[in-house]
Amino acid sequence: MKDLLAFVEACVNCPDHAYSNRDFYNKIRFLKIDDYRLYYMKAACEYHQKELVEIGINNIEKAIDMWGNGVKVDNREMDLLLQDNKTKSVICHPDFFYCFDKKYYKLYLLAAQLYARAGMIEKCKGMYNKYYYYAHKINIDSSLREKESIVVYSFRKFSIYSLQDLTKREITLVCPDKMNDPFDSLASYIAGNPERLKRTCKQFDHVQTQSECFKHFYIRSFRANKDTYESDDSILTDKLMWSHYTEGHQGFCIKYRIDKSYFNQFDDSKLTFTKLIPVEYNKEMKEISIYEALNTSNSFAFKDKCWEPENEVRLLHFSPDCGEDHYPIKLDEKNRLEEIIFGINCNSDARELIAKLAPEGCKLFKMTNDEEKDIYSLIKRKYRQSE
């Protein structure tokens, strides 16, 4: 009980940047209680002292083992200790008492960084994979939790790649560093580029391995109504989308129905996931510290504000065992093409070929000028192959 009280009081009164503070470390260094959070904190302090990295590895391994077995003190017991000792009852140390159970992925992040400092690269990679997997598993967009299925739109130019997706009944995702726009996201800018990552992070030991792990992510961009995630023909009237992504209205747009098994799918045994993330728009690239690291909000779904009108969502897949530049996801009855909409300038040969490749039940439409409204407006009309 004495060690538990000392641990709680040390955390309640801890200064900012406690893990690099020697006084805080000295207060908890020799404490012994059955709580994984204590050993996490010890390891975090030891990361900042290079001569203690080996001890830090032992402590983080102990913390991970304890977490897996549910070894911790009940938070209510900690609150009672505070009240009994006339210490103000606050949310002790928000990140690591009441909130830490929801941020357990930080165990794997710290383990990866400690292994990196010790030069244990393979173990470092394994822990980064676990960190990315569990960080994404716990952070699911609230607007998507209750959805059984969603509708997304993909504007495509007429090319061998878009035709392959139709022929093979697939959605192809691409590794971030293979995306066309170098400013598409923080992930595409730094993936596979340790020198760029160094300029963004405060700690460097783990940079090379972390950069390599980004190659296990795959992205596909879509347009959607983020309020409803249902059909929305107003998306098809966006002339900029047609101009930018279909080579001047020469391509087409696919309306997909995606089942929750695809946009919220996690496999603990393989550490693979596929999830949908709404893109956020901001002017600034956030500095990434050792504890914030690269996550969904500031890497894969963080874009410059100039792109905000696109209202983009992204299908994000993570697969540690895949080393290819592209990752195909097979479509089925629940994940399907509902409509193909041809651009105004999509020629008859292209329309005829796409119509032949369209799966059974997929409806065909064509965009035209809405002259009744005004010459600059677009409207979707049913496509007749005799056109």
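Residues numbered from 1 in each chain as written. Predicted model: local features only at pLDDT ≥ 70, side-chain atom pairs only at ≥ 80, totals over all residues. Heavy atoms only, no water.

1. What about the overall build of the protein chain?
Step number 1: From N to C terminus, the protein chain includes 15 helices and 13 strands.
Step number 2: Within the protein chain, the fraction of its 387 residues that count as buried is 52%.
Step number 3: Here the analysis covers contacts within the protein chain between residues at least 6 apart in sequence; of these, 72% occur between residues at least 24 apart.
Step number 4: Total accessible area computed for the protein chain in this model is approximately 19100 Å², and 47% of it derives from carbon and sulfur atoms. (Helix = DSSP H or I, 4+ residues; strand = E, 2+ residues; numbered from the N terminus. Buried < 20%, exposed > 50% of the residue type's maximum accessible area, 1.4 Å probe, protein only. Contact = heavy atoms within 4.5 Å. Areas by Shrake-Rupley, 256 points an atom, 1.4 Å probe, with all protein chains shown as cover.)

2. So, the packing of helix 3 (residues 36-47) against helix 6 (residues 106-117)
Step number 1: Running from N to C, helix 3 and helix 6 cross one another at 35 degrees; their axes reach a closest spacing of 10 Å. In the packing of helix 3 onto helix 6, the handedness of the crossing is left-handed. Contact with helix 3, carried on its side by Tyr36, Tyr40, Ala43, Ala44 and Tyr47, involves Lys106, Leu107, Leu110, Gln113, Leu114 and Arg117 of helix 6 and no other residues of that element.
Step number 2: For the contact of helix 3 with helix 6, the per-class residue count stands at 8 nonpolar, 1 polar and 2 charged. (Axes fitted to C-alpha atoms, helices over the stretch in contact; angles between N-to-C directions. Left-handed = near helix turned anticlockwise from the far one by under 90°. Nonpolar A, V, L, I, M, F, W, Y, C, P; charged D, E, K, R; others polar.)

3. Some remarks on the environment of Leu364
Step number 1: In this fold, Leu364 is placed in strand 12 (residues 363-369).
Step number 2: Distance from Leu364 to Arg381, taken between C-alpha atoms, is 8.9 Å for residues 17 residues apart in sequence.

4. Brief notes about the confidence of the model for the protein chain
Step number 1: Chain-level statistics for the protein chain give a pLDDT mean of 83 and a share of 82% at 70 or above.
Step number 2: For the protein chain, the element scoring lowest by mean pLDDT is helix 14 (residues 296-300), at 64; strand 11 (residues 336-342) scores highest, at 97.
Step number 3: In this model, residues 86-96 is a region of pLDDT below 50 whose contacts with residues beyond four sequence positions or in other chains number 29 contacts.
Step number 4: Below pLDDT 50 for its whole length, residues 287-292 participates in 22 contacts with residues either more than four positions away or in separate chains. (pLDDT = per-residue confidence, 0-100.)

5. Structural notes on the nonpolar core
Step number 1: Among the nonpolar cores identified, the biggest contains 61 residues, and Ile28, Tyr40 and Ile60 are the most heavily contacted of them.
Step number 2: In this structure, Ala224, Ile254, Ile329 and Leu357 belong to the second largest nonpolar core, which totals 36 residues. (Core = buried A, V, L, I, M, F, W, Y, C linked by side-chain atoms within 4.5 Å.)

6. Notes on the pattern of salt bridges
Step number 1: If you walk through the whole model with that rule in mind, you get 20 salt bridges.
Step number 2: Its salt-bridge partner being Lys303, residue Glu312 comes within 2.9 Å of it at the nearest N-O pair.
Step number 3: Of the residues examined, Glu312 reaches a relative accessible area of 4% and is grouped as buried.
Step number 4: Between Glu312 and Arg314 there is a salt bridge, with the nearest N and O atoms lying 2.7 Å from each other.
Step number 5: Look at the salt bridges and you will find they share partners, linking Glu230, Asp233, Lys255, Arg257, Arg336, Glu338, Glu339 and Lys380 into a network. (Salt bridge = Lys/Arg side-chain N within 4 Å of Asp/Glu carboxyl O.)

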